[in-house]
Amino acid sequence: MTDDDPRGGGPRRAVRHRSFALDLTRPLGTAAGEIRRREGFLIAVERRGDGAEWAIGAGGAGGADGAGGSVGLGEATPLPGWTESREACAAALDGLDGRAESQPPLAALDAESTPAARHGLSLALADAAARDAGERLSDRLADEAGIDATPADAVPVNATVGDGSPEATAAEARRAVEAGFDCLKLKVGARDVDADVERVRGVREAVGDAVALRADANGAWDRETARRALDALAAFDLAYVEQPLPADDLDGLASLREDGGRADPTASVPIAADESVAAHGIDAVLDAGADAVVLKPMALGGPDRALAAALRARSAGVDPVVTTTIDAVIARTAAVHVAAAVPDVSPCGLATGSLLDEDLAPDPCPIDDGRIAVPAGPGLAGDAFDDLRRR
Ligand SMILES: O=C(O)CCC(=O)c1ccccc1C(=O)O
Ligand SMILES: [Mg+2]
């Protein structure tokens, strides 16, 4: 982990952002390449004085929470392909330096062009507000989204299994099931369809019929290959195939869900959209049609926007699934709160902490029996991140 130099000096300019870099334990193989390392920014906001002013940066001197109110924490961990580049994210955050205004400066960050930066600030503001109100982040998010149901105390999650040989894939799947997961997501599309079909067959044989299987192609296939892959994968009772086509091919997405000359029209595999949501927004994807949507708060511009997208999906009869982009602990914990606020959420891709070799702080979200416990408040996780608030 590395620290940026503090920017600015005086009390009104308690503004700095801190960069970090975290290696994965081992590369996560996907059709879009290997993810080896995650670089991002830890963000803090503090309400000043009478509460009318906001400053962005690390917390004030002394305690974890400043005299004027709570210090809120956020995280911006860009992942090109889903979000802006690290450079664009840094520039957007730099642009906030020195601001101390009567309004939280969220409007200065564009959710489409700099979703990770907006995520970081939106989360920090929501964490501060939730802490001030003495409530969990999930309660705050649900309230602001107009959700009546009380957020869940735990959310179901899938294990994430990267590309690998058939043997390695089956062994990892078996380990995940032994650890209590009953939903697995396998990365496919990094090798040819026949090889992936054998990997999926091996996993289904290894884990039996009671475990839900998902496959994520990360946009690897053209339409014809996708049709062939889906027809072959129909034998393994997949819960869905995620992003079979490139992000931009919304028409193809729609036509894959129709019969389209399929060998056996009754054997259909549900389709989930992920990159398409990040690239074109939830409305375009819902218009095109999907069985499920994968919502990454980091890619959608914040926990607030991800939850709003989940509700839109729900009302369109499409199943929302919340996942990380292999984020550090602050954004992961926030994503857990987002998922908790979605009533009866399906298994989410939030079990990604173990993919990181190191982290910003200990993880306050234990996974037990395929479920992640939502931390007690206030905010993200009570006092779990106080060391980060002070710095
Ligand atoms: O959904 C999961 O199981 C974990 C998250 C995940 O797979 C992922 C992580 C980083 C970037 C892209 C993706 C993806 O869903 O395609
Ligand atoms: Mg995906």
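- The chain appears in an unreviewed UniProt entry as o-succinylbenzoate synthase from Halorubrum xinjiangense.
- The chain has a UniProt comment under Function (unreviewed entry) that states "Converts 2-succinyl-6-hydroxy-2,4-cyclohexadiene-1-carboxylate (SHCHC) to 2-succinylbenzoate (OSB)."

1. What about the domain arrangement of the chain?
The parts lose accessible area when they come together, and the size of an interface is often stated as this lost area.
Part 1: Here the chain is described as being made up of domain 1 (11-135) and domain 2 (154-390).
Part 2: Between domain 1 and domain 2, the residue contacts involve 41 residues of the former and 45 residues of the latter.
Part 3: Those elements that place two or more of their residues in the side of domain 1 that touches domain 2 are β1 (18-30), β2 (33-48), β4 (71-76) and α2 (115-133).
Part 4: The element that contributes the greatest number of residues to the side of domain 1 that touches domain 2 is α2, accounting for 10 residues.
Part 5: Class assignment of the residues belonging to the side of domain 1 that touches domain 2 gives a composition of 20 nonpolar, 13 polar and 8 charged.

2. Remarks on the site of ligand 1
Part 1: Thr160, Lys185, Thr323, Thr325 and Gly349 are the nearest of the 15 residues found near ligand 1.
Part 2: Each residue belonging to the shell around ligand 1 can be placed in one class, and the counts come to 4 nonpolar, 8 polar and 3 charged.

3. As for the sheet that holds strand β13 (residues 319-322)
The pairing of strands in a sheet happens through backbone hydrogen bonds and is either parallel or antiparallel.
Part 1: A sheet is described by the order of its strands in space; here 7 strands give the open sequence β7-β8-β9-β10-β11-β12-β13, paired in parallel fashion. Unpaired on one side and paired on the other, β7 (159-161) and β13 mark the two borders of the sheet. Taken over all neighbouring pairs, the strand axes of this sheet differ in orientation by 25° on average, direction set aside.
Part 2: Bridge count between strand β8 (residues 183-187) and strand β9 (residues 212-216): 5 bridges; the pairing is parallel. When the sheet's bridge partners are listed, lysine 187 is paired in β9 with aspartate 216.
Part 3: Running over the sheet, helix α10 (residues 303-315) touches β12 (292-295) and β13 and is turned about 155° from β13.

4. Section: the UniProt feature "active site" (unreviewed entry) in the chain
Part 1: Residues annotated by UniProt as "active site" (unreviewed entry) correspond here to Lys187 and Lys296.
Part 2: Along the chain, lysine 187 turns up in strand β8.
Part 3: Using a count of 24 C-beta atoms within 10 Å as the deciding quantity, one classes lysine 187 as buried.
Part 4: Residue contacts for lysine 187: discarding those within four places in its chain leaves Gly29, Thr30, Ala31, Val161, Gly162, Asp163, Asp216 and Asn218.
Part 5: Tracing the backbone shows lysine 296 in the loop between β12 and α9 (297-300).
Part 6: Sequence-distant contacts of lysine 296, defined by excluding residues within four places in its chain, comprise Trp82, Ala278, Thr323, Thr324 and Thr325.

5. Digging into the nonpolar core
Part 1: In terms of nonpolar packing, the biggest core is built from 115 residues, with Val293, Val322 and Ala339 touching the most fellow members.
Part 2: Residues from two domains meet in this core; each of domain 1 (11-135) and domain 2 (154-390) gives at least three.

6. A short note on the UniProt feature "binding site: Mg(2+)" (unreviewed entry) in the chain
Part 1: Mapped onto this structure's residue numbering, the UniProt feature "binding site: Mg(2+)" (unreviewed entry) falls at Asp216, Glu242 and Asp274. On the basis of their most widely separated C-alpha atoms, the annotated residues across 59 residues gather in one place, lying no more than 9.1 Å apart.
Part 2: Mapped onto the elements, aspartate 216 comes out in strand β9.
Part 3: Apart from the residues lying within four places of it in its own chain, the contact partners of aspartate 216 are Lys185, Lys187, Val188, Glu242 and Gln243.
Part 4: Position of aspartate 274 relative to the elements: it lies in the loop between β11 (271-273) and α8 (275-288).
Part 5: In this structure aspartate 274 comes out as buried when scored by C-beta crowding, with 26 C-beta atoms within 10 Å.
Part 6: Beyond its immediate sequence surroundings of up to four residues, aspartate 274 is in contact with Glu242, Gln243 and Val294.

7. Quick word on the sheet that holds strand β6 (residues 154-156)
Part 1: The sheet built from 3 strands is open, its strands ordered β6-β15-β14 with antiparallel pairing. Bordering the open sheet on either side are β6 and β14 (367-368), each of which pairs with just one other strand.
Part 2: Pairing between β6 and strand β15 (residues 371-373): 3 bridges, direction antiparallel. For proline 156, the partnering residue across the bridge sits in β15 and is arginine 371.

8. What to know about unusual backbone geometry
Part 1: Residue proline 378 is bonded to the preceding glycine 377 through a cis peptide linkage, with omega at 0°.
Part 2: Relative to the helices and strands, proline 378 is located in the loop between β15 and α12 (386-390).
Part 3: Phi at asparagine 218 is positive, roughly 45°, even though this residue is not glycine.
Part 4: By secondary structure assignment, the location of asparagine 218 is in the loop between β9 and α6 (223-233).
Part 5: With a phi close to 55°, aspartate 369 is a non-glycine residue in the positive phi region.
Part 6: Among the structural elements, aspartate 369 can be located in the loop between β14 and β15.
Part 7: We classify aspartate 369 as exposed; it has 10 C-beta atoms within 10 Å.

Scoring rules and cut-offs
- Each chain has its residues counted from 1, following the order in which its sequence is written.
- Working convention: letters from A go to chains and numbers from 1 go to ligands, in the order in which they are written.
- At least 70 in pLDDT is required for a residue's local features to be given in this predicted model, at least 80 for side-chain atom pairs to be given and counted, and no such filter applies to totals for whole chains, interfaces and linings, which use all residues.
- UniProt positions are given in the numbering used here, feature names are shortened, and annotations may be inferred rather than shown by experiment.
- Per the annotation, domain bounds derive from an automatic or database assignment of domains.
- For every residue pair, C-beta atoms are placed from the backbone, and the pair is scored as a contact if these atoms sit within 7 Å.
- A run of H or I in DSSP becomes a helix once it reaches four residues, and a run of E becomes a strand once it reaches two; helices and strands are each numbered from the N terminus.
- As a working rule, the residues Ala, Val, Leu, Ile, Met, Phe, Trp, Tyr, Cys and Pro are called nonpolar, Asp, Glu, Lys and Arg charged, and the rest polar, with Gly in that last group.
- The criterion for a residue being near a molecule or strand is a backbone-placed C-beta atom within 6 Å of that molecule or strand.
- Two strands are said to pair when DSSP picks up at least two bridges between them.
- Comment: axis = line fitted to C-alpha atoms, over the contacting stretch for helices; angle = value between 0 and 180 degrees taken between N-to-C directions.
- Exposure classes come from backbone-placed C-beta atoms, where a residue is buried if 20 or more other C-beta atoms lie within 10 Å of its own, exposed if 12 or fewer do, and partly exposed in between.
- Joining buried Ala, Val, Leu, Ile, Met, Phe, Trp, Tyr and Cys residues through C-beta atoms within 7 Å gives a set, and that set is a nonpolar core.

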